[in-house]
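Tertiary structure, described
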Protein chains: 2
Amino acid sequence: MAAYKGKRVLITGGLGFIGSNLAVRLVGEDAEVSIVDSSVEGCGANLYNIAPIRDRVKLIPAGICDAELFRDDLMSAEVIFNLAGEISHTHSMEFAERDLQINAVAQLQFLLGCRQHARGRRIVYASTRQVYGAPEYLPVDESHPVNPIDFNGVHKFAATNYHLLMSRSGDIDAIALRLTNVYGPRMALNIPCQGFLSNFLRRLLLGQTIEIYGDGNQLRDPMFVDDAVEAFLMAGAAVRPPSRVYNVGGPQALSLSEIACMAAASADAPEPVFRPFPEHQKEIDIGSYYTDSTRIRTELGWTPAVRFEEGIRRTVAYYRSELSHYLDPAAGEPTCNLPEHDGARRRLRYGAA
Amino acid sequence: MAAYKGKRVLITGGLGFIGSNLAVRLVGEDAEVSIVDSSVEGCGANLYNIAPIRDRVKLIPAGICDAELFRDDLMSAEVIFNLAGEISHTHSMEFAERDLQINAVAQLQFLLGCRQHARGRRIVYASTRQVYGAPEYLPVDESHPVNPIDFNGVHKFAATNYHLLMSRSGDIDAIALRLTNVYGPRMALNIPCQGFLSNFLRRLLLGQTIEIYGDGNQLRDPMFVDDAVEAFLMAGAAVRPPSRVYNVGGPQALSLSEIACMAAASADAPEPVFRPFPEHQKEIDIGSYYTDSTRIRTELGWTPAVRFEEGIRRTVAYYRSELSHYLDPAAGEPTCNLPEHDGARRRLRYGAA
């Protein structure tokens, strides 16, 4: 995309899954890329994600809350891609205050920093379909009621609103993308609470059978990461976009069973098996979900190009050659335990009743 | 209301405007009342508010975030009325992190405390119409899109969602009331950023002319505090309520001009004057708003009983005899400045661009 040639961009969460793919793409477009990432455990940061561009990006190991630490980079950035955050719904139910700290407190501090050092600048924020909760109708468009059913959804909505109301006042010029399940190369595989696609992939690549919770009939519209990256680039370059919030989903609505079978087939792995839904997952299950992407199609011209069969093939191929950087086969089943974070653990005794 | 006779109740924010009126009423109903209030500056706490019941309530001077400090009171409370918070939209725009701390962080910590020490207990939360933002239609019912235009609305919505999702999982049993402009005795008059009714009253009682911003045609449905208290009591006593969120509004939709003229007449004060809308207020003005209270009328049997003419008369009468406890006529015009709060000021340098 010619719009980024020679442009200075700043990516928060640029060591994570989508952020690093965006960084790789932007370096390919001859942009000058700075990455802010504090590698919070559990959020998917992996230095190997930027291995192909390591000498062509500036890496700032800081939390987004500490805007003073990268003040000059903020001042010079022409576009800011704001992808730092915790995406796990499960983590958020177990460690609610940690999610609040990462996804709302730090975001507010970051945006106050942007107001001071990057006033009026375009910011593209990675929001999530999770703010809608269990769909009242399908496909889900931007008018769907907001009814989050986990702390992650609550805090991502709060941060979305920070972006929107600070744009109303001209402090920044933000667009929020509400993403559906994104998958592809550079996704963390060693964090079991980052969604079903990460789990399916881990099991496949370790030669284990995929396990589906429940009947597997719930629909999802997985989106290949290159399509997500394209949406960020278009939102970053859009001149006077008619809207500030866009739902962004994949090209097909597939059942979890179909997704699992197609993934297994792409890796020559055994057929998936079905397991009863675990209690703690039931609580935050949203049933079927797929996206109405009409608004971003018509207003920004974005359209998802990669079908699941193709995307999962490319994903498996990536991990076949890079697996040692994403999984330690000897490490056994990963767990959801997280380390202490900003005093959250102390508080979380309350939750351990 | 017989339901509260001999019942143990806990009121957070019980030194504030609505909380103290609720406490006075509950003591009158022979309930055993504990109040948790840390008297955060700017939030309306006033020890004089509970003067008539001071020896019949237990006052716990603690922040709601420190649930361990009132653990026994939580354990024994049969109903919890959760009114602690900052209500000022203007404060929130100036001190966004302070609002986040008071209205979201502390609320989450409080509810995690409730989960541990008051599991499954009924909690009635004081939410606000501000979560809806500028109305897309009138009157505003509970299905209206959530589109807050100030930080206060963002954080009150986050805290509402904490209540709702922790009720889904059975951790608590919460109801959120979305209140419109409440007025009446015990309202703070020395905090200029707590809404137009507080400002109108202060000017009246000091013998000054009321100033209306703009043309004064915006509609509001002011609610007398006794009606708000009644809604809290009904929500606290409701057995298996069909809903978890109720809009609660006053009996009449009146223009700001009408409200100002009626208020002036009730105090034999001069006619109001009109002033241009200040810039910083324009940004968070929502235009006309009035409430569709159908759901709480039909499901809980609540209805507002006090018309504005009567409510403002009773309010003026209260302050005529108690004014010295609410205003220092010699102190001059109050300002919006707030003291340091949980490190917010340090961060707020960002905002002082």
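Residues numbered from 1 in each chain as written. Chains lettered and ligands numbered in written order. Predicted model: local features only at pLDDT ≥ 70, side-chain atom pairs only at ≥ 80, totals over all residues. Heavy atoms only, no water.

**Considering the overall build of chain A**
Where we set the bar: We count a stretch as a helix when DSSP gives it H or I for four or more residues in a row; a strand needs E for two or more, and each element gets its number in order from the N terminus. Note on method: radius of gyration uses C-alpha positions; expected globular size equals 2.2 Å times residues raised to 0.38. By definition, residues are in contact when any of their heavy atoms lie within 4.5 Å. Only the protein chains shown count as cover for residues, with accessible areas throughout obtained via the Shrake-Rupley method and a probe of 1.4 Å.
Scanning chain A for helices and strands turns up 12 helices and 13 strands. For 353 residues, the compact-globule estimate of 2.2 N^0.38 gives 20 Å, and chain A sits close to it at 19 Å. Overall, chain A is about 50 × 50 × 45 Å in size when its C-alpha atoms are taken along their principal axes. In chain A, once contacts between residues fewer than 6 apart in sequence are set aside, the share between residues at least 24 apart is 82%. Accessible surface, chain A: about 13,100 Å² in total, of which carbon and sulfur atoms supply 48%.

**What about the relation of the copies chain B and chain A?**
What counts is decided by this rule: Superposing the copies works by least squares over the C-alpha atoms of residues that have pLDDT at least 70 in both of them.
The transform that puts chain B on chain A rotates by 180 degrees and translates by 0.0 Å along the axis, for an RMSD of 0.0 Å. On this basis, the relationship between the two copies can be described by a two-fold rotation axis. The overlap is high: 100% of the interface residues of chain B also sit at the interface in chain A, so the same surface is used on both sides.

**A few points about the sheet that holds strand β2 (residues 32-36) of chain B**
All names here are of chain B. Applied cut-off: Here a strand pair is declared whenever DSSP counts at least two bridges between the two strands. Here, axes are lines fitted to C-alpha atoms. For helices the fit covers the stretch in contact, and angles between N-to-C directions go from 0 to 180 degrees.
Pairing is parallel in the open sheet, where 7 strands are placed in the order β3-β2-β1-β4-β5-β6-β11. Two strands bound the open sheet, and with one partner strand each, they are β3 (57-60) and β11 (245-248). Taken pair by pair, the neighbouring strands of this sheet meet at an average axis angle of 20 degrees, ignoring direction. Sheet topology places strand β1 (residues 8-12) next to β2; 5 bridges connect them, and they run parallel. Looking across to β2, one finds that R8 is bridged to E32. Across the face of the sheet, helix α5 (residues 151-168) comes into contact with β4 (79-82), β5 (122-128), β6 (173-179) and β11 while running at roughly 160 degrees to β5. On top of the sheet, helix α7 (residues 225-237) reaches β4, β5, β6 and β11; it is set at about 145 degrees to β5, its chief contact.

**Some thoughts on helix α11 (residues 308-322) of chain A**
Selection criterion: Multiply 1.5 Å by the residue count of a helix minus one, and that product is the helix's expected span.
Helix length check: α11(A), at 15 residues, gives a terminal C-alpha distance of 21 Å against a target of 21 Å (1.5 Å per residue), a fit within 8%. Structurally, α11(A) contributes buried residues whose contacts are with β7 (182-183), α6 (196-205), β10 (223-224), β12 (254-255) and α8 (256-266) of chain A.

**Quick notes on the interface of chain B and chain A**
Reports of interface size often rely on the accessible area that becomes lost once the parts have come together. The condition that has to hold: Salt bridges are identified by distance alone: a Lys or Arg side-chain nitrogen within 4 Å of an Asp or Glu carboxyl oxygen. N or O atoms within 3.5 Å of each other form a polar contact, as long as, within protein, one can give a hydrogen and the other can take it, and as long as residues adjacent in sequence are counted only when both atoms are side-chain atoms.
Opposite the 37 residues of chain B that make contact, chain A presents 37 residues. Counting every contact that joins chain B to chain A gives 0 salt bridges. Our count for the contact surface shared by chain B and chain A stands at 4 residue pairs in polar contact (both at pLDDT 80 or more). Among the elements of the structure, α4 (96-117) and α5 of chain B are those that each provide at least two residues to the side of chain B that touches chain A. The element contributing the most residues to the side of chain B that touches chain A is α4(B), with 11 residues.

**Some thoughts on the nonpolar core**
The cut-off we apply is this: Here the nonpolar core consists of buried residues drawn from Ala, Val, Leu, Ile, Met, Phe, Trp, Tyr and Cys, with membership extended through side-chain atoms lying within 4.5 Å. When accessible area is computed with a 1.4 Å probe and restricted to protein chains, residues below 20% of their type maximum are described as buried, those above 50% as exposed, and intermediate ones as partly exposed.
In terms of nonpolar packing, the biggest core is built from 74 residues, with A:F70, A:I80, A:Y162, B:F70, B:I80 and B:Y162 touching the most fellow members. Every element with two or more residues in this core is listed here: α4 (96-117), β5 (122-128), α5 (151-168) and β6 (173-179) of chain A together with α4, β5, α5 and β6 of chain B. Residues within four places of A:F70 in sequence aside, it is in contact with A:L10, A:V36, A:I60, A:A62, A:G63, A:I64 and A:F110. Among the nonpolar cores identified, the runner-up in size contains 68 residues, and B:A23, B:L204, B:I212 and B:L233 belong to it.

**Comments concerning the side chain of B:N46**
Residue and element names in this part refer to chain B. Among the secondary structure elements, N46 is positioned in the loop between β2 and β3. Taking the relative accessible area as the measure of exposure, N46 reaches 18% and is therefore buried. Polar side-chain contacts of N46 include one of 3.1 Å to the backbone oxygen of H325. When residues no more than four places from it in sequence are discounted, the contact partners of N46 are L15, H325 and Y326.

**A short note on the sheet that holds β5(A)**
Residues and elements named next belong to chain A. Strands sit in the order β3-β2-β1-β4-β5-β6-β11 across an open sheet of 7 strands; the sheet is parallel. With partners counted over all chains shown, the strands left at the sheet margins are β3 (57-60) and β11 (245-248), one partner each. Ignoring which end each strand starts from, the neighbouring axes of this sheet average 20 degrees apart. Running over the sheet, α4 touches β1 (8-12), β4 (79-82) and β5 and is turned about 175 degrees from β4. Where helix α7 (residues 225-237) meets the sheet, its contacts fall on β4, β5, β6 and β11, and the angle it forms with β5 comes to roughly 145 degrees.

**Some thoughts on the pattern of salt bridges**
Residue and element names in this part refer to chain A. On inspection of all chains with the given rule, the structure shows 38 salt bridges over all chains. A salt bridge links R98 to E86, with the shortest nitrogen-to-oxygen separation between them at 2.6 Å. Within this pair, whereas R98 is found in helix α4, its partner E86 is found in the loop between β4 and α3 (89-94), the two being separated by 12 residues in sequence. Note on R98: relative accessible area 3%, which makes it buried. Exposure remark for E86: the relative accessible area of 0% places this residue in the buried category. When salt bridges that share partners are traced, they join D226, E310, R313 and R314 into one network.

**Remarks on helix α1 (residues 17-28) of chain A**
All names here are of chain A. Relative to the 16 Å expected for 12 residues at 1.5 Å per residue, α1 spans 17 Å between its end C-alpha atoms, a close match to the ideal helical length. Within α1, burial applies to F17, I18, G19, S20, N21, L22, A23, L26 and V27. After α1 finishes, the residue D30 shows a positive phi value of roughly 65 degrees.

**A closer look at the state of the cysteines**
Residue and element names in this part refer to chain A. Our working definition: Disulfides are defined as pairs of cysteine sulfur atoms found within 2.5 Å of each other.
All chains considered together, the criterion is met by 0 disulfides over all chains. The closest cysteine sulfur to the non-disulfide-bonded C65 is located on C114, 12 Å from its own sulfur. Classification of C65 as buried rests on a relative accessible area of 18%.

**Here we look at the packing of aromatic side chains**
To keep it simple, the criterion reads: Only centres within 6.5 Å qualify two rings of Phe, Tyr or Trp (six-membered ring in Trp) as a pair; their planes then separate them into stacked at under 30 degrees, edge-to-face at over 60, and tilted for everything else. Cation placement over rings: the criterion is NZ of Lys or CZ of Arg within 6 Å of the ring centroid and within 35° of the ring normal.
One pass over the full model with this rule turns up 25 aromatic pairs over all chains. Relative to B:F157, the ring of A:F157 lies with its centre 5.5 Å away and its plane at 70 degrees, an arrangement referred to as edge-to-face. Of the two residues, A:F157 sits in helix α5 while B:F157 sits in helix α5, which places them in two different chains. By relative accessible area, which is 4% here, A:F157 ends up buried. Plain terms: the ring middles of B:Y318 and B:Y319 are 5.3 Å apart, the flat faces sit at 85 degrees to each other, and that makes the pair edge-to-face. B:Y319 shares its class with B:Y318; the two are buried. By the ring-pair criterion, three or more aromatic residues cluster together here, those being A:Y48, A:Y318, A:Y319 and A:Y326. The ring of B:Y4 has B:K7 lying over it, and the distance from NZ or CZ to the ring centre is 6.0 Å.

**As for unusual backbone geometry**
Note: most residues except glycine have negative phi, and most peptide bonds are trans. For the bond running from A:L138 to A:P139, omega is -10 degrees, close enough to zero to count as cis. Among the structural elements, A:P139 can be located in the loop between β5 and α5. Even without a glycine there, the phi angle at B:D30 is positive, about 65 degrees. Inspection of the secondary structure assignment puts B:D30 in the loop between α1 (17-28) and β2.

**Concerning the confidence of the model for chain A**
Residue and element names in this part refer to chain A. This is how the line gets drawn: pLDDT: the predictor's confidence for each residue, scored from 0 to 100.
Per-residue confidence for chain A averages 92 on the pLDDT scale, and 95% of its residues sit at or above 70. Taken together, the stretch residues 342-353 has pLDDT below 50 and engages in 27 contacts with residues farther than four places along the chain or on a different chain. Two numbers describe this predicted complex: its pTM, 0.93, and its ipTM, 0.92.

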